[in-house]
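An overview of the molecular structure
Listed here are the chains, written in short residue letters.
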Amino acid sequence: MGIDLESVTEATSGAVGSLLSTTILYPLDTCKSKFQAEIRARGQQKYRYLSDVMWEAISKAQVFSLYQGLGTKNFQSFISQFIYFYSYSYFKRVHSERTGSKSIRTKANLLIAAAAGACTSILIQQAEALKRHTDLQVGMYWGDMGLFAGAEGIFVLAAALRLLDYIGK
């Protein structure tokens, strides 16, 4: 049994949608992080509102600074959403083949979605544990390794596809 092309198509669509939403909302997340960090810091408060962080970046012509770290976040988001949507589509197809029906009842749909979410969490957590272990041993983050930046995501994706292929046999 090979890779399910329909599942890959759905997974790619979901992952691309995730890239789009992450890219659009990332500056707000950066502003929120900067605002929260400033609240925790002792001393005089620089920002009264979250929007003050955004206006400061705009007024100082540093809008692109709000996108620092976007590449890493997009890569992580793409991988996790790809795994989720691939798993969901795959489990849905397997369920339909076993029941002989194209329609899926609500309860079954929720169970399939939960299984896909569990697969994603397990695989992503394993990748993060491997990354932390490597960070401690090597003393650097994979993201700082230039050519190999984000390589753990590719390993997780390959492992997920193999696992789903194995489950389907």
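Because the structure is a prediction, the values reported are computed rather than measured.

Let's shift gears to the overall build of the protein chain. Tallying secondary structure elements over the protein chain gives 5 helices and 0 strands in all. Tracing the protein chain from N to C terminus, the helices and strands come up as α-α-α-α-α. In the protein chain, buried positions account for 32% of the 169 residues. Counting contacts in the protein chain only where the partners sit at least 6 residues apart, residues at least 24 apart contribute 67% of the total. A total accessible area of about 11,400 Å² is found for the protein chain, and carbon and sulfur atoms account for 62% of it.

When the terminal C-alpha atoms of helix α3 (residues 70-99) are compared, their 42 Å separation across 30 residues agrees well with the 44 Å that a helix rising 1.5 Å per residue should span. With its phi angle positive at about 75°, Gly 100 sits one or two positions after the end of α3.

Throughout the structure, instances matching the rule amount to 4 salt bridges. Residue Glu 56 is joined to Lys 34 by a salt bridge in which the shortest nitrogen-to-oxygen separation is 3.4 Å. Of this pair, Glu 56 sits in helix α2 (residues 50-59) while Lys 34 sits in helix α1 (residues 5-40), and the two are 22 residues apart along the sequence. On the basis of relative accessibility, which here comes to 41%, the residue Lys 34 falls in the partly exposed class. Taking the shortest distance from any N to any O, the salt bridge between Glu 97 and Arg 93 comes out at 2.6 Å. Of this pair, Glu 97 and Arg 93 both sit in helix α3, 4 residues apart, roughly one helical turn. By relative accessible area, which is 55% here, Glu 97 ends up exposed. Linked through salt bridges whose partners overlap, the residues forming this network are Lys 34, Glu 56 and Lys 60.

Mean pLDDT over the protein chain: 77, with 70% of residues reaching 70 or higher. Mean pLDDT across the secondary structure elements of the protein chain bottoms out at helix α5 (residues 151-168), with 58, and peaks at α3, with 89. Low confidence marks residues 135-149, where pLDDT is under 50. Its contacts with residues over four positions away, or in another chain, come to 15 contacts.

It is worth spelling out the UniProt feature "transmembrane region" (unreviewed entry) in the protein chain at this point. As annotated by UniProt and renumbered to match this structure, "transmembrane region" (unreviewed entry) occupies residues 108-125 and 145-164. This span, residues 108-125, is 100% helix and 0% strand, and a straight line between its end C-alpha atoms measures 25 Å.

The next subject is unusual backbone geometry. Keep in mind that most residues, glycine aside, have a negative phi and that most peptide bonds are trans. Backbone geometry places Ala 61, a non-glycine residue, at a positive phi of 55°. Here Ala 61 shows up in the loop between α2 and α3.

Before going further, it helps to examine the packing of aromatic side chains. A complete count under the given rule lists 6 aromatic pairs for this structure. Ring geometry for Tyr 86 and Tyr 90: centres 6.2 Å apart, planes at 10°, overall stacked. Residue Tyr 86 and its partner Tyr 90 are located together in helix α3, separated by 4 residues, close to a single helical turn. Arranged with centres 6.1 Å apart and planes meeting at 65°, the rings of Tyr 90 and Phe 91 form a pair that is edge-to-face. Taking relative accessible area as the criterion, Tyr 90 reaches 2% and is therefore assigned buried. Ring-pair connections join several aromatic residues into one group, and the members of that group are Phe 78, Phe 82, Tyr 86, Tyr 90 and Phe 91.

The biggest cluster of nonpolar side chains holds 11 residues, and these are Ala 11, Ala 15, Phe 82, Tyr 86, Tyr 88, Tyr 90, Phe 91, Val 94, Ile 112, Ala 116 and Cys 119. Secondary-structure elements contributing two or more residues to this core are α1, α3 and α4 (106-138). In this structure, Ala 116 is in contact with Tyr 84, Ser 87, Tyr 88 and Phe 91, ignoring residues within four places of it in sequence. Counting 6 residues, the second-largest nonpolar core is a separate cluster that includes Cys 31, Tyr 47, Ala 57 and Leu 66.

Parameters and conventions
Residues numbered from 1 in each chain as written. Predicted model: local features only at pLDDT ≥ 70, side-chain atom pairs only at ≥ 80, totals over all residues. Heavy atoms only, no water. Helix = DSSP H or I, 4+ residues; strand = E, 2+ residues; numbered from the N terminus. Buried < 20%, exposed > 50% of the residue type's maximum accessible area, 1.4 Å probe, protein only. Contact = heavy atoms within 4.5 Å. Areas by Shrake-Rupley, 256 points an atom, 1.4 Å probe, with all protein chains shown as cover. Expected span 1.5 Å × (residues − 1). Salt bridge = Lys/Arg side-chain N within 4 Å of Asp/Glu carboxyl O. pLDDT = per-residue confidence, 0-100. UniProt positions renumbered as here; feature names shortened; annotations may be inferred. Phe/Tyr/Trp six-rings, centres within 6.5 Å; stacked < 30°, edge-to-face > 60°. Core = buried A, V, L, I, M, F, W, Y, C linked by side-chain atoms within 4.5 Å.

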